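# Working through the structure, step by step
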Amino acid sequence: MKGFGKAVVRWRVPILILAIILLIPSAIGYFRTRINYDILTYLPKDIETMKGQDILAKDFGTGAFSLVVVEGLSDKDVSAVKQKIEGVDHVKSVIWYDSLMDISVPEEMLPEKLLKAFRNGDATLMAVIFDTTMSDDETLEAVKKIRKLTSKEVYLSGMSALVEDTKELSDREVPVYVGIAVLLSVIVLSLSMDSFLIPLFFLLSIGFAIIYNLGTNIVQGEISYVTQALAAVLQLAVTMDYSIFLWHSYSAEKEKAGDKKEAMAAAINETLSSVVGSSITTVAGFVALMFMSFTLGRDLGFVMAKGVVIGVLVCVTVLPAMILIFDKAIAKTTHKTLLPGFDRAGRWIVRHSWIGIVLFLALIAPAIWGYKHNKVYYNLDSSLPKSLASIQAGEKLQEKFEMNSTHMILYDSSMSLQNAEKMIREVEGVDGIKTVLGLDTITGPMFPETMIPENIRSVLDNGEYKLLLVMSEYKVASDEVNEQCDSIKEIIKRYDEKGMLIGEAPCTEDLIRITDQDFARVNSVSIGLVLLIIIFVFASGSLPVLLVCVIEFAIFINLGIPYYTHTVLPFIASIVIGTIQLGSTVDYAILMTNKYKGLRVQGMDKNEAVSTALSQSMNSIIVSALSFFAATIGVGLYSDIDMISSLCVLMGRGAIISMFVVILLLPAVLKLADGLIIRTTGGMRHLTKEGRE
């Protein structure tokens, strides 16, 4: 290990040059990594709804459709709008009633079902079928072109329009996230560091690590927009500690050794041994996310675990090289640390440790109650501003046609007309169903199938499956639409065992079921991994349980608050926040406990050991929590995407809550459990024989 520090010092200039050169392929990798803005694609591929989407894409040559509401235009103008849309690349067909019969033909000759579905007063409805899937780049580009070609009286709704709006909003906001995180981090570092210049080198080296991490995402091919939005901010938040530790260690070694090169070599070695242990719990928290069936967790977990490892490597190579090369400039900007000392505060807290116990007893029940009863939403448009075009289009669809969601039924093309009509009648009888449209609903004696153009027929029947569009008045992710989907599935299976219901609402119902299972799995895995790591660190049977319980108490408070503030969380927040907070902030407890253990082994009594450990740890814990808070809270307050905003607010608040819980409660826990700890911890059992309990 000693040789590593000396090697970094010796090769500091080549290391910095290589680090700068590596930014080029990393930037190329970043720009070539596709961003996926449709989180429903992260559902398991083996569930029926996703299999149905594959059938649509492979067998029907489509996978996406949008409903277009045209308001206040004559039939002639609507027909002109339809022709414009049909001319857009990757629009396979546009279904309106002139697709079946010329608009000069009296409306009375059209099937009543069809006319009712497409007309309501001055509003007309069209279905746009794309030859690409819901979130393909080509589909999103087609949505943009349709919007440019059409007037403000044309409202384009559907998942593809929603995904395109999410893309535009996210792409616009992400650079601002980084700017806010950097600005607030500089403020915190200026308060806690003894140089005005060193925070800039911290941020510069972390910036290198972030670019390397984002660039290496090309190995995955694509990442989700949630991961892209959070990666830089979260990596900055969780790896800042490593840079602070290196600087403090370097400053201390320089006072002892005098020679900056020897001091840095020693600081690198000390940092590496300490930071590796610290980073393992953070990595474990992110690795736990990779056990989710909903693979958005795997996406975020892999990228962030990789980011932490890269952050450690950069901290012990690139940052030392920067500090040594620019040491004179840094020295000229030194100043007294603005944060006060915490020795007196630490002693006071330990003398009044009963306060922590009282707070625990007062808060534990309401915290757990709130944690278990907070509400989450699964409807994706609920996380976006109401001003977006796709949201307004959805509202217009509901206003004019009382429609909030559209399902699709795939059933055997060879099913007899008699059975098909029975099945359709039963589906139409399900509560909340407005209209069912397909070949078997619009054809009949007065309107034979031969009258339907081939391009429309191929959309609704590929020879193996027939497609029905089912219009529902219920909103996606509501209890009503979930019950509706269950009823429709039961009907379909009675007539066709291989038939299936697909679309946004059925996918979201699967999302609810799968993420409920993921919540329990991720919590169990993260707690299990962290327990194993702490067992290894302390060789103790009691400390892992005590430390995890302390941080879990902080998590209960954090995730319980939304219940009392009547805040509804995005579903992903309730799943990932617990494991991120545990992995990222259990280090606060480990730091203090490690000092307590060392002081007890040296012969201090428990009160003095706990008091000294807290006093020596408070500054590091507070700076770490404030850095985490600064990197995330600004983004949480700024972002218009609630999925991102809620995650960042919860992470920032969680860091502060963990800080207070560790400072106020952990000393009391260590004092109360001191006898148990020394009996169950390696290296401490001799204290019982020597009577130093």
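The notes below deal with the structure included here. Nothing here was measured: the structure is a model prediction, and the numbers come from that model.

The rules we used
- Residues numbered from 1 in each chain as written.
- Predicted model: local features only at pLDDT ≥ 70, side-chain atom pairs only at ≥ 80, totals over all residues.
- Heavy atoms only, no water.
- Core = buried A, V, L, I, M, F, W, Y, C linked by side-chain atoms within 4.5 Å.
- Buried < 20%, exposed > 50% of the residue type's maximum accessible area, 1.4 Å probe, protein only.
- Helix = DSSP H or I, 4+ residues; strand = E, 2+ residues; numbered from the N terminus.
- Contact = heavy atoms within 4.5 Å.
- Expected span 1.5 Å × (residues − 1).
- 1 Å grid on protein atoms, 1.4 Å probe; cavity = no way out; pocket = protein on both sides within 12 Å on 5 of 7 lines; lining within 4 Å.
- Points joined across faces, edges and corners; volume = space filled by probe spheres on them.
- Axes fitted to C-alpha atoms, helices over the stretch in contact; angles between N-to-C directions.
- Parallel < 35°, antiparallel > 145°, perpendicular 65-115°, else oblique.
- Left-handed = near helix turned anticlockwise from the far one by under 90°.
- Nonpolar A, V, L, I, M, F, W, Y, C, P; charged D, E, K, R; others polar.
- Salt bridge = Lys/Arg side-chain N within 4 Å of Asp/Glu carboxyl O.
- Pairing = 2+ DSSP bridges.
- Patch = residues over 30% accessible without salt bridge, like charges linked within 9 Å, V, L, I, M, F, W, Y side chains within 5 Å.
- Areas by Shrake-Rupley, 256 points an atom, 1.4 Å probe, with all protein chains shown as cover.
- Phe/Tyr/Trp six-rings, centres within 6.5 Å; stacked < 30°, edge-to-face > 60°.

## Remarks on the nonpolar core
Within the largest apolar cluster, 236 residues are counted, with the highest numbers of intra-cluster contacts made by I39, F294 and F571. Ranked by residues supplied to this core, first place goes to helix α9 (residues 225–257) with 17 residues. If sequence neighbours within four positions are ignored, F294 has contacts with I39, Y42, L43, L511, I514, T515, D518, F571 and I572.

## Brief notes about helix α11 (residues 296–315)
Under the 1.5 Å per step criterion, the end-to-end length of α11 is 28 Å for 20 residues, consistent within 8% with the ideal 28 Å. Across the 20 residues of α11, 16 count as buried, placing the element largely inside the fold.

## Overview of empty space enclosed by the protein
In this approach, a probe sized like a water molecule rolls over the atoms, and the result shows the empty space that is left. Across all of its chains, the model carries eight cavities of 30 Å³ or more by this definition. The wall of the second largest cavity is formed by Y37, D38, I39, M159, L162, V163, T166, Y225, L380, S383, L384 and M643. Per-element accounting of the lining of the second largest cavity gives the leading share, four residues, to helix α7 (residues 159–192).

## Digging into the packing of helix α8 (residues 198–216) against α11
At a closest axis distance of 9 Å, the pairing of α8 and α11 adopts a crossing angle of 140°. One way to sum up the angle between α8 and α11 is to call them oblique. In the packing of α8 onto α11, the handedness of the crossing is right-handed. Mapping the contact onto sequence places S205, A209, Y212, N213 and T216 in α8 and V303, K306, G307, I310, G311 and V314 in α11. Along the lines of polarity and charge, the residues of the contact of α8 with α11 split into five nonpolar, five polar and one charged.

## A look at the pattern of salt bridges
According to the stated counting rule, one finds 19 salt bridges in the structure shown. Across the pair E402 and K434 runs a salt bridge, and its minimum N-O distance is 2.7 Å. On the criterion of sequence distance, the pair formed by E402 in the loop between α16 (389–401) and β9 (405–412) and K434 in strand β10 (residues 433–437) is long-range, its members being 32 residues apart. For K434, a relative accessible area of 32% puts it in the partly exposed group. The partner of R494 in a salt bridge is E426, with the nearest N and O atoms 2.5 Å apart. A residue pair is termed long-range when its members are at least 10 positions apart, and R494 in helix α20 (residues 479–495) and E426 in helix α17 (residues 417–428) qualify at 68 residues. According to the relative accessible area criterion, R494 is partly exposed, its value standing at 46%. Its relative accessible area of 28% is what places E426 among the partly exposed residues. The structure contains a network of salt bridges with shared partners spanning E71, D122, K396, E399 and K400.

## Some details on the sheet that holds β10
As summarised here, the arrangement of the four strands in space is β10-β11-β9-β12, forming an open sheet in which the pairing is antiparallel. Here the strands that pair on one side only, and so sit at the sheet edges, are β10 and β12 (500–503). Ignoring strand direction, the axes of neighbouring strands in this sheet form an average angle of 25°. Sheet analysis places β9 next to β12, joined by four bridges and oriented antiparallel. Note that in β12 the partner of I409 across the bridge is L501. α20 contacts β9, β10, β11 (465–472) and β12 of the sheet and is inclined by roughly 10° relative to β9. Across the sheet, helix α21 (residues 504–538) lies against β9 and β12, angled at about 95° from β12, the strand it touches most.

## Digging into the packing of α9 against helix α10 (residues 260–289)
As a packed pair, α9 and α10 sit with axes 8 Å apart at the nearest point and diverge in direction by 155°. Considered as vectors, α9 and α10 are oriented roughly antiparallel to each other. As for how α9 packs across α10, the hand of that crossing is right-handed.

## Thoughts on the environment of T612
In this structure, T612 sits in helix α24 (residues 606–638). For T612, the contacting residues outside a window of four places in its chain are L599 and M604.

## A closer look at the pairing of strand β2 (residues 64–71)
When you tally the buried positions in β2, you get eight out of eight residues, the bulk of the element. The alternating pattern of β2 places A64, S66, V68 and V70 on one face and F65, L67, V69 and E71 on the opposite face, and all of these are buried. By the bridge criterion, eight bridges tie β2 to strand β5 (residues 123–130) in an arrangement that is antiparallel. Following the sheet pairing, V70 is matched in β5 by T124. Relative to strand β6 (residues 154–156), β2 runs antiparallel, the two sharing three bridges. Each bridged residue has a counterpart across the sheet, and for V69 the counterpart in β6 is Y155.

## Some details on a nonpolar patch on the surface
Side chains of V13, I17, L18, I21, L22, I325 and F326 sit close together on the surface and give an oily, nonpolar patch of about 590 Å² of accessible area. Broken down by element, the residue count for the nonpolar patch peaks at five residues, all from helix α2 (residues 12–32). Among the structural elements, L22 can be located in helix α2. Its relative accessible area of 38% is what places L22 among the partly exposed residues.

## Description of the packing of aromatic side chains
Enumeration over the complete set of coordinates arrives at 12 aromatic pairs. When the centroid spacing of 5.8 Å and the interplanar angle of 50° are considered together, the rings of W247 and Y250 count as tilted. One end of the pair, W247, and the other, Y250, are both in helix α9, three residues apart, so they sit about a helical turn from each other. An identical accessibility class is assigned to W247 and Y250; each is buried. Aromatic ring contacts, followed pair by pair, group F294, Y378 and F571 into a single cluster.

## Re the layout of surface pockets
Of the volumes computed, that of the largest pocket is approximately 1100 Å³. Lining the largest pocket we find 37 residues, and of these F245, H248, L591, K595 and S620 sit closest to its centre. Secondary structure elements with two or more residues in the lining of the largest pocket: α9, α10, α23 (571–602) and α24. For the lining of the largest pocket, a count of residues per class yields 15 nonpolar, 17 polar and five charged.

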